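# Geometric and topological summary
For reference, the chains in residue letters:
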Amino acid sequence: MVLTSCFCIVLQSVAQNLPKIPSKDSIVIKKDTNLRISKDTMDAPVSYNASDSGVMDLKTKVFYLFGSAKTVYKSSQLEAANIVYDQQSQNIKAFGSKDTSGNPLSNPKFTEKDIVSYNDSIYFNMKTGKGLTKNTNFQQGEIFINATAMKKVSKDDAYAYRARFTTCNLDEPHFAFRTNKMKIVTDKIGVSGPTFPEFEGVPFPIGIPFGIFPLTKGRHSGMMAPAFTSSEDFGLGFEGLGYYKVINEHFDATLRGNIYSYGGWNANLNSKYILRYKYLGNFNLSVQNTRALNRNTSIADEFTGGRTYMINWSHSMDSRARPGTTFSANVNFGSTKYNRNLLNNPYQNFQNQISSSISYNKSWNNKYNLSVNLNHSQNNNLGLVNLQLPNINFNALTIYPFQSKDQIGSGKWYEKIGIGYNGSFQNQLSFYDSAFNMQKLLDTLQWGAMHSIPINVSLPSLGPVTITPGVSFEEKWFGQEIIKSWNASTRKVDTLINRGFYRAPKVSFGVGTASRIFGTYKFKNSNIKAIRHEIRPNVSVNYTPDLASSYHYTSQIDTTGRRYRFSKFDGGALGSAYSEGAFGGMSFGIDNLLEMKVKDKTDTSADAFKKVKLIDGFGFTSSYNILADSFALGNFNFYARTTLFNKLNISSTFSLDPYASDKQGFRVNRYDVDFNKLKFGHITNGGVSFSTSFKSKEKKEGAASSKEKNIPIDPFLTPDEQQRQLQYVKANPSEFTDFDIPWTLTVSYSFQFNRIMKPDYSGFKTQTYSTLNFNGDFSLTPKWKIGGTGYIDVAKANIQQLSMFITREMHCWQLAINVTPIGIYRSFSITVNPKSGILRDLRINRSRTFSSATY
């Protein structure tokens, strides 16, 4: 704290009082000479200066420095109008002076490392380490302290009398706490007696009997204060009560809990670990017992809910730990209703998909690569859990077996024949978490493997055209086959699963060509210099013999006698096998790029132009099978993407089927083309998406955007930590809200549709998804900001989630009002608290939560 080190002044000896220095010849060195060191000798040099004068009183051994005096001893520095040092008593006095108008001038300023204090006077004894200061002002951590008197009793302990402490850095703080007694232990803790707050200098009549303020720097264990909340469905409660424990320099743990008066509770254990240049990770376990007021009149119970859990683990290995080997994990596994039952977290309430992955990769000189993965996916709506463990992939990079070791020049054509290998093995399990059974789990076990050996030749390009011939051998292995048959008695399709070992081979031959064609249209006397169109056509001729007809069959699917073609391996671990029928034809496609060169208005030079992309890409792909007896022409897959004005991102895809269909939607071998009506088929699936973001110009034009305040990105945050981070952002908006930007707006829209077969095989139906997301804010004044975020299901024509906020920046305080009128849980909260982390739990909080859903 203040006065944490000794102050001393090296006494300057007077030349006439020193013994006469002997000549060089008269010096005699004695081995047994005893050196006597004075008790008041200093252990380090002291530098000092004064603008007026320095006076030494030899009789009293008192040294005076007058006029802007300054002394430096080790890491300590003392500045004052006058400094007095008594060598016999080892007392130091420092005090200021007054100018001609009677105002204080050059009051003592003491600096010890990063602590600076200002005082009216300083009295300090170097021998005992005790001292006394008057009207002291200094900063300890985030706290600014003013004391009428400070008494130092040891190196680290000091007492303050009539102290005022605050986290506001103004000379006249917006708020402060006053106490008559306070003890401070340097870099450890501050303890006060009865304390009363004051705002704008006005005392508040309600105080606290004592105060404890941690001053420890760095990480340290301790309790975490809760926040009071009230919910119509959960009752009164405390949220965030916990304890943080530093286990060692590599490992810590945090235990948090929520408890509600209706009997619900939530417990969360989170631990982080890190070893530099080795690995880092995070483990989180959350258990919640939901007990909410029943709003469903069809259920007689007063309360509803249940116990759910969530396990999160993330791990990342530093690439420098073991070159060529990596291990990473991102595990999110738990109850399907966990997200839905979370309170005051609309983002996670609508998260219906949970996934996990654990990956191990090994590379041998970048020639052979092995990957072992464990994957998990979970649908919270259906309660369906899919496990893929393990998935093993091995590949060998292309080798050239005919290439000469001492090759000179480009080599022969056969020396460019390359052979590679890709292999994979997959194992899959599925179950419903509400009806878990080990026997049923094993019944869903599926495995599969795939092998691929590509052979290609790298031929030199023929001008603008590149030619790439190739041969590919593939084979898939399955652990089961599925047979669908019509049951005349039940009038339904029955499914039979046979276990065993089954093969599905495939061979294909092909040669592909690709090129790039450029066209430019130039303008004269215009800000547009030119528009360039780039066309990238590709054509490949392929032949694939029919090796798949042996595992395809026809079965009746409805009472009309309609028959449908199935594969025995549909729905397998590898998705499906290969399509039946020989393919002998070509695949083709065209990709386009359109851009222009315009005058750069930011550059005054005559030849200053810049490129602007009009369309990033648009084109199509398709195929034609000469050997097919029906449906020879493949679907046309169109796509387009662009960014307009560097603001509006647009992308679109759709698939065009050139063949007609009957009333139930099944394809018939007849082109659905009418040139008079410009009809070239019908669209089976597709989508379009838009996204844009706008913001007004900053008030300080040309200034660097140093005030960008983004939420910290941590790849190892668990969902529970993300929830607490979002709540922290809501409660501390001024740390993340940029008040220099009057408004911002982000909007995204997505529309997707696809055509799928009905479960009873009676025809097809079209599924559509249409969503609109938006978020934005604007500044009412330089201190007030309002904003919101929402999610609209356009297909259902309703708002799924809407949240709004109002924030007020108040220098050392902050105000946040958050309202969620639409969502699974409707809520509002008002929070006023200091910005300082040490006083953040000293807040005024009012919150209410209401349920909008039926459990």
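Rules and cut-offs
- Residues numbered from 1 in each chain as written.
- Predicted model: local features only at pLDDT ≥ 70, side-chain atom pairs only at ≥ 80, totals over all residues.
- Heavy atoms only, no water.
- Helix = DSSP H or I, 4+ residues; strand = E, 2+ residues; numbered from the N terminus.
- Contact = heavy atoms within 4.5 Å.
- Areas by Shrake-Rupley, 256 points an atom, 1.4 Å probe, with all protein chains shown as cover.
- Core = buried A, V, L, I, M, F, W, Y, C linked by side-chain atoms within 4.5 Å.
- Buried < 20%, exposed > 50% of the residue type's maximum accessible area, 1.4 Å probe, protein only.
- Salt bridge = Lys/Arg side-chain N within 4 Å of Asp/Glu carboxyl O.
- Patch = residues over 30% accessible without salt bridge, like charges linked within 9 Å, V, L, I, M, F, W, Y side chains within 5 Å.
- Lys, Arg positive; Asp, Glu negative; His and termini not counted.
- Charge placed at Lys NZ, Arg CZ, Asp CG, Glu CD.
- Polar contact = N/O pair within 3.5 Å; in protein donor to acceptor, adjacent residues only side chain to side chain.
- pLDDT = per-residue confidence, 0-100.
- Disulfide = S-S within 2.5 Å.
- Phe/Tyr/Trp six-rings, centres within 6.5 Å; stacked < 30°, edge-to-face > 60°.
- Lys NZ or Arg CZ within 6 Å of the ring centre and 35° of its normal.
- Pairing = 2+ DSSP bridges.

### As for the overall build of the protein chain
Each helix and strand counted, the protein chain has four helices and 51 strands in total. Here the contacts in the protein chain between residues at least 6 apart in sequence split such that 51% fall between residues at least 24 apart. Accessible area of the protein chain: about 49,600 Å², with a carbon and sulfur share of 58%.

### Considerations on the nonpolar core
Most often, soluble globular proteins keep nonpolar side chains buried together rather than apart. Ranked by size, the top nonpolar core spans 19 residues in total, and within it Ile145, Phe165, Phe175 and Met182 carry the most contacts. Residue assignment for this core shows that the elements contributing at least two residues are strand 12 (143-152), strand 13 (157-166) and strand 14 (175-185). Formed by 13 residues, the second largest nonpolar core is a distinct cluster that contains Phe63, Ile92, Phe124 and Met126.

### Section: the pattern of salt bridges
Counted by the stated rule, this structure contains 16 salt bridges. Between Asp657 and Arg667 there is a salt bridge, with the nearest N and O atoms lying 3.0 Å from each other. With Asp657 in strand 41 (residues 648-657) and Arg667 in strand 43 (residues 667-671), this pair connects stretches of sequence that are ten residues apart. Its relative accessible area of 2% is what places Asp657 among the buried residues. Note on Arg667: relative accessible area 37%, which makes it partly exposed. One salt bridge connects Glu809 with Lys783, and the closest N-O pair in it is separated by 3.0 Å. Of this pair, Glu809 sits in strand 48 (residues 798-810) while Lys783 sits in the loop between strand 46 (764-779) and strand 47 (784-793), and the two are 26 residues apart along the sequence.

### Points about the environment of Ile557
Relative to the helices and strands, Ile557 resides in the loop between strand 36 (552-556) and strand 37 (563-567). For Ile557, a relative accessible area of 1% gives the class buried. Among residues more than four places away in sequence, those in contact with Ile557 are Trp486, Val493, Arg562, Tyr564, Phe566, Phe666, Asp760 and Tyr761.

### Description of a positive patch on the surface
On the surface, a cluster of positive charge is contributed by Lys522, Lys529, Lys597 and Lys611. Take Lys611: it is sitting in strand 39 (residues 609-625).

### A word on the side chain of Thr166
Here Thr166 is to be found in strand 13. Looking at Thr166, its side chain comes within polar contact range of the main-chain nitrogen of Cys168, at 3.1 Å. One polar contact links the side chain of Thr166 to the main-chain carbonyl oxygen of Phe175, over a distance of 2.6 Å. Thr166 has contacts with Glu142, Ile143, Phe144, Pro173, Phe175 and Ala176, leaving out every residue within four places of it along the chain.

### Section: a nonpolar patch on the surface
On the surface, a cluster of nonpolar side chains totalling about 1,000 Å² of accessible area is made up of Val511, Val539, Val541, Met586, Tyr624, Ile626, Tyr671, Val673, Phe675, Leu678 and Phe680. Tracing the backbone through its elements, the reader meets Ile626 in the loop between strand 39 and strand 40 (636-644). With relative accessibility at 62%, the residue Ile626 sits in the exposed group.

### Some thoughts on the environment of Tyr73
Among the structural elements, Tyr73 can be located in strand 3 (residues 62-73). Through-space distance from the C-alpha of Tyr73 to that of Pro45 is 6.7 Å; in sequence the pair is 28 residues apart.

### Concerning the confidence of the model for the protein chain
Scored by pLDDT, the protein chain comes out at a mean of 82, with 87% of its residues at no less than 70. Below a pLDDT of 50 lies the segment residues 701-708, which in the model reaches four contacts outside its immediate sequence neighbourhood of four places, other chains included.

### With respect to the state of the cysteines
Inspection of every chain in the model, using the stated rule, returns zero disulfides. For Cys168, which is in no disulfide, the shortest distance to another cysteine sulfur is to Cys812 and amounts to 3.6 Å. Since its relative accessible area comes to 1%, Cys168 is described here as buried.

### Things to note about the packing of aromatic side chains
Per the counting criterion, the structure on display carries 37 aromatic pairs. Where Phe478 meets Phe569, the ring centres are 4.3 Å apart and the plane angle is 0°; that geometry is what we call stacked. Linking Phe478 in strand 32 (residues 466-487) with Phe569 in the loop between strand 37 and strand 38 (583-599), this pair joins segments that are 91 residues apart in sequence. We note that Phe478, like Phe569, is buried. The ring of Phe764 is capped by Arg755, whose NZ or CZ atom sits 4.3 Å from the centre of that ring.

### Comments concerning the side chain of Glu415
Along the chain, the position of Glu415 falls in the loop between strand 29 (384-399) and strand 30 (417-432). With relative accessibility at 10%, the residue Glu415 sits in the buried group. If we skip the residues at most four places from it in the chain, Glu415 touches Tyr400, Phe402, Gln403, Ser404 and Gln407.

### Quick look at unusual backbone geometry
Here Leu389 and Pro390 are connected by a cis peptide whose omega angle stands at -10°. Here Pro390 is to be found in strand 29. Positioned with a positive phi, Ser106 is a non-glycine residue whose angle comes to about 55°. Take Ser106: its relative accessible area is 35%, and that puts it in the partly exposed class.

### Quick word on the environment of Phe394
Tracing the chain through its elements places Phe394 in strand 29. Relative accessible area serves as the criterion here: at 30%, Phe394 is assigned to the partly exposed category. Sequence separation between Phe394 and Ser424 is 30 residues; the distance between their C-alpha atoms is 6.3 Å. In contact with Phe394, other than residues within four places in its own chain, are Trp364, Tyr368, Asn369, Leu370, Tyr421, Asn422 and Gly423.

### Quick word on the pairing of strand 41
By the bridge criterion, nine bridges tie strand 40 to strand 41 in an arrangement that is antiparallel. For Thr643, the partnering residue across the bridge sits in strand 41 and is Asn649. Between strand 40 and strand 41, which pair antiparallel and follow one another directly, the connecting turn spans three residues, one of which, Phe645, has a positive phi of 60°. Direction of pairing for strand 41 relative to strand 44 (residues 682-695): antiparallel, over a ladder of ten bridges. Considered in strand 44, the bridge of Thr653 is made with Gly687.

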